[in-house]
Structures are given as C-alpha cells and as structure tokens.
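The residues making up each chain are set out below.
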Amino acid sequence: MKSLRLLSLLLVVILVASPLAVFAQGGDDEMEAFVSEDEKVTFMYPAGWFTSEDPSTPFPAVIVANSETARDKLMSDEDSYPESGEVGLFVMLLPSAFLTLAGVEVTEDMDAGDIAEALAVALLAPDEGEEAPEFGEPDVLELDDDMGSVGYLTLADSEADGVFSAYEIENDVLAIAYIATAAGDLSGDEGSDLAEELTAILLDVVVTISYDGTGDELLMQLMGGGPAEDESGDTSSAPALDGEALVMERCSVCHTTDRIFSAVKTADEWTVTVDRMIGNGATLNEAEREAVIAYLSEM
Ligand code: HEC
C-alpha cells in the first residue's frame, strides 16, 4: 500500500532526529503553541524546541525536534538516525478511516491501547529482510470530560527507540504522535528514566493536538483528491474526463495499478469492482466513476 509505505517512510524520517542538549531544559514543563500555516493544526510542544511542517505528505504532518539542527536534519531527505541526546517528535493527522485502509479491524473490545498497537504494527511493518520492531505493552491514558483516551506503547528497532501514541479526536480525525531517540537509549535502568521523560513529553503533546476540519477532508487529501479539487464542485458536467489519468491517480493509492492492468473483466465486472473500490475508500464522483469504468472496459 502506497500510503502506508509513505507513512512508514515518514516514521523512518522522523528517526532522523538530531543532537541536542534537550533534556537539559531544566525541570520546568513550559510549553509553547504550534499553529500550522493554514491554522488548522494546533498543539503545544516543549518550549524551546523547533518545529517544521512537512509539505511532502498528503496529510498534515509536523516535525518537532529538540534542536534547530536536529529539526533541519529531520526535514532533509538524508537517511540518518537519532544519536543519543537527539529527540524527534512527529505529529500527524489522519482520517479515522485510515485504520480500515491500514487493515486494522476495530472491534468493540479494543481499547485505545489496542488500537494504537494495531496501528503501530501496521505502520511499521518491516520490509523484507528487516527485523520487526519490538513493541511494548500498550497503555491507556483516560482523559477527563469525555475527551476520550490516548493509547500508547514503546517501540524499539535497530534504528531508534521511541514511544508511539494515537488518539481519536473529534470528527473522525486521528491524532498520532511519535517520539524517538537513539536505538537502545530507552532500555535498561538508565533508559527507563529517559523513557518516562519522553513518554511524559509525548502525552503532554498528543492531548493538545487539535484539527479544524473533518476526517472526510483528510481522507480526500490522502486519496489525492486534494482540497482544491473538492471546491471545484460538481464535475459531472465537465467534458471528457481522462479515465486513464484517473486510474493512475486514484486507483494507485492503496495498491499498485499492476493489479488493475493484469485483470481481465467485462464492463459489468469492472462496474462491480470499481463500486467495491469506492466502498473500500476510492474517491471518485459519479462522472469520474463512469470515465474510469469506460476506460477499464476498453483497455
Ligand atoms: C481505499 C483503498 C483502495 C483504492 C483507492 C482502490 N482500491 Fe482496489 N483494492 C483495495 C483493496 C483493500 C482490495 C482487496 C479487497 C477487495 O478486492 O475488495 C483491492 C483489490 C482490487 C482488485 C483485485 C480484486 C478484483 O476484484 O479483481 C482490483 C482489480 C482493484 N482493486 C482495482 C481498483 C481500481 C480500478 C481502483 C480505482 C477505481 C481501486 N482498485 C482503488 C483497495 C483500494
């Protein structure tokens, strides 16, 4: 799944966190506010840390690091991992429907911790030949006043140690925060103090995340529709939509198009398949649906 690959890449990227005397910020828990450029994403983060929006993702994502150089390193495409003293905190917003796309089946008996764990496992699925991360026991932080609950757990792999959290905020929006430092730094007796400290920072941040929008909007963005297209309104009167371009763009979000081009189906069968894909989450309006079916039936 392309979107998932992108996410795991991002999670790797955040591990690119950088050096810093971060923990030396003195015992005060002072926080400052982050507000995204479009003013939709807000959250509080440790005062003195550095933030940057990641423009390369199809969903809101913000990188926070404990130094400016760490932040810049994180934002670059360079492939590196945190060293001791470096902390990267990654905040992103996803539609709750992403859980289904990620193959996570949410059942009644799952609490926020189970959901966070399932999500972390799905997002961080190892590539072939890579070792799977080690996941700790999930925990749940219950919030006051019907604010829901945050699920979180530690995870460690050969590249980084960190704590992952997920929290369903309003309007079917999922707030995700992940904090990471050097591999091995959160294990052992010494590590447990630092693990506690990072977990506290993470939870302080994750509970403050808010998004001025809905899960549906995020889903559109994720699926490549983009808000701009959304505003163009009723395209059913638009002339000749390009079925091929639509297939390349909208049908490659969750699986490769190989799957499509290797299938041999009649127009009726494609209608059934395309409708099922729309049920799966593919974004096509009526006119686009028809253009896609017409293209697939003729190819
Ligand atoms: C939101 C995610 C998502 C999008 C977007 C998506 N698919 Fe799928 N697709 C799936 C999933 C999940 C499966 C496997 C389960 C199933 O068949 O429903 C699948 C399976 C398929 C299959 C193999 C099964 C079969 O019936 O032959 C084809 C072909 C296919 N998709 C075509 C498409 C086309 C064409 C589009 C664009 C209109 C599309 N997909 C967009 C999620 C998606």
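Provided above is the structure to which this section pertains.
Residues numbered from 1 in each chain as written. Predicted model: local features only at pLDDT ≥ 70, side-chain atom pairs only at ≥ 80, totals over all residues. Heavy atoms only, no water.

K.L.:
A description of the nonpolar core should follow, citing residues and the corresponding values.
P.N.:
Judged by nonpolar contacts, the single largest core of 33 residues is most densely connected at F43, L89, L93, I179 and I209. Of all the secondary-structure elements, those providing two or more residues to this core are β2 (41-46), β4 (61-65), β5 (88-95), β8 (149-156), β9 (160-169), β10 (173-182) and α5 (188-206). By residue number, the principal contributor to this core is α5, which donates eight residues. If sequence neighbours within four positions are ignored, F43 has contacts with E32, A33, F34, V62, V64, V91, V205, T208 and I209. If you look at the next biggest cluster of nonpolar residues, it comprises 30 residues, including A61, A70, L74 and L174. (Core = buried A, V, L, I, M, F, W, Y, C linked by side-chain atoms within 4.5 Å. Buried < 20%, exposed > 50% of the residue type's maximum accessible area, 1.4 Å probe, protein only. Helix = DSSP H or I, 4+ residues; strand = E, 2+ residues; numbered from the N terminus. Contact = heavy atoms within 4.5 Å.)

K.L.:
Just give me the short version of the site of the ligand, but keep the residues and values in it.
P.N.:
Surrounding the ligand, one finds 17 residues, the nearest of these being C251, C254, H255, R276 and M277. H255 places a side-chain nitrogen or oxygen 2.8 Å from a nitrogen atom of the ligand. Between the ligand and the protein, one listed contact pairs an oxygen atom with a side-chain N or O atom of R276 at 2.8 Å. When residues in the shell around the ligand are grouped by element, the largest group, four residues, is from helix α10 (residues 267-280). Here the residues of the shell around the ligand are counted per class, giving nine nonpolar, four polar and four charged. (Near = heavy atom within 4 Å. Polar contact = N/O pair within 3.5 Å; in protein donor to acceptor, adjacent residues only side chain to side chain. Nonpolar A, V, L, I, M, F, W, Y, C, P; charged D, E, K, R; others polar.)

K.L.:
Could you give me a rundown of the coordination of the iron atom of the ligand, with the residues and numbers involved?
P.N.:
Distances from the iron atom of the ligand to its protein donors, H255 (NE2) and M277 (SD), fall within 2.0 to 2.2 Å. With six donor atoms in place around the iron atom of the ligand and angles of 86 to 179° between them, the coordination shape is octahedral. Taken as a pair, H255 in the loop between α8 (243-250) and α9 (258-261) and M277 in helix α10 lie far apart in primary sequence, 22 residues in all. Classification of H255 as partly exposed rests on a relative accessible area of 22%. (Donors = N, O, S within 2.8 Å, 3.2 Å for Na, K, Ca; no water. Tetrahedral: all angles 85-135°; square planar, octahedral: opposite > 155°, others 65-115°.)

K.L.:
Can you lay out a nonpolar patch on the surface for me, pointing to particular residues and giving the numbers?
P.N.:
Taken together, the side chains of M248, F261 and M299 make up a nonpolar region of the molecular surface, amounting to roughly 260 Å² of accessible area. Here M248 is to be found in helix α8. (Patch = residues over 30% accessible without salt bridge, like charges linked within 9 Å, V, L, I, M, F, W, Y side chains within 5 Å. Areas by Shrake-Rupley, 256 points an atom, 1.4 Å probe, with all protein chains shown as cover. Salt bridge = Lys/Arg side-chain N within 4 Å of Asp/Glu carboxyl O.)

K.L.:
An account of the sheet that holds β2 is needed here, citing residue identities and associated values.
P.N.:
Overall, antiparallel pairing links the three strands, which are arranged β1-β2-β11 in an open sheet. The open sheet has two free edges, formed respectively by β1 (31-35) and β11 (210-211), since each of these has just one partner strand. Across two bridges, the pairing between β2 and β11 is antiparallel. Bridge pairing in β11 places T42 opposite S210. Against the sheet, α5 engages β1 and β2, with an angle of about 155° to β2. (Pairing = 2+ DSSP bridges. Axes fitted to C-alpha atoms, helices over the stretch in contact; angles between N-to-C directions.)

K.L.:
Tell me about helix α2 (residues 68-75), and please be specific about residues and values.
P.N.:
A70, R71, K73 and L74 are the residues of α2 that are buried. For α2, the angular spread of the buried residues around the axis is 165°, confining them to a single face. (Arc of directions from axis to C-beta.)

K.L.:
Residue-level account of the packing of aromatic side chains, with values.
P.N.:
Summed over all chains, the structure comprises three aromatic pairs. Taken together, a centroid distance of 6.3 Å and an interplanar angle of 70° make the contact between F43 and Y45 edge-to-face. Under the relative-accessibility criterion, F43 is labelled buried at 2%. Taking relative accessible area as the criterion, Y45 reaches 7% and is therefore assigned buried. Centre to centre, the rings of F164 and Y178 are 6.2 Å apart; their planes meet at 55°, and the pair counts as tilted. Of the two residues, F164 is situated in strand β9 and Y178 in strand β10; the sequence distance between them amounts to 14 residues. Residues F164 and Y178 agree in their burial class; the two are buried. Ring-pair connections join several aromatic residues into one group, and the members of that group are F34, F43 and Y45. (Phe/Tyr/Trp six-rings, centres within 6.5 Å; stacked < 30°, edge-to-face > 60°.)

K.L.:
I'd love a proper account of the pairing of β4, names of residues and values included.
P.N.:
Counted residue by residue, β4 has five buried out of five residues, so it is predominantly covered. What you see with β4 is no split at all: A61, I63 and A65 on one side and V62 and V64 on the other are buried throughout. Here four bridges tie strand β3 (residues 50-53) to β4, and the two strands are oriented antiparallel to one another. Across the sheet, residue F50 finds its bridge partner in β4, namely A65. Examined bridge by bridge, β4 and β5 share five bridges and lie antiparallel to one another. Of the residues in β5, the one forming a bridge with I63 is F90.

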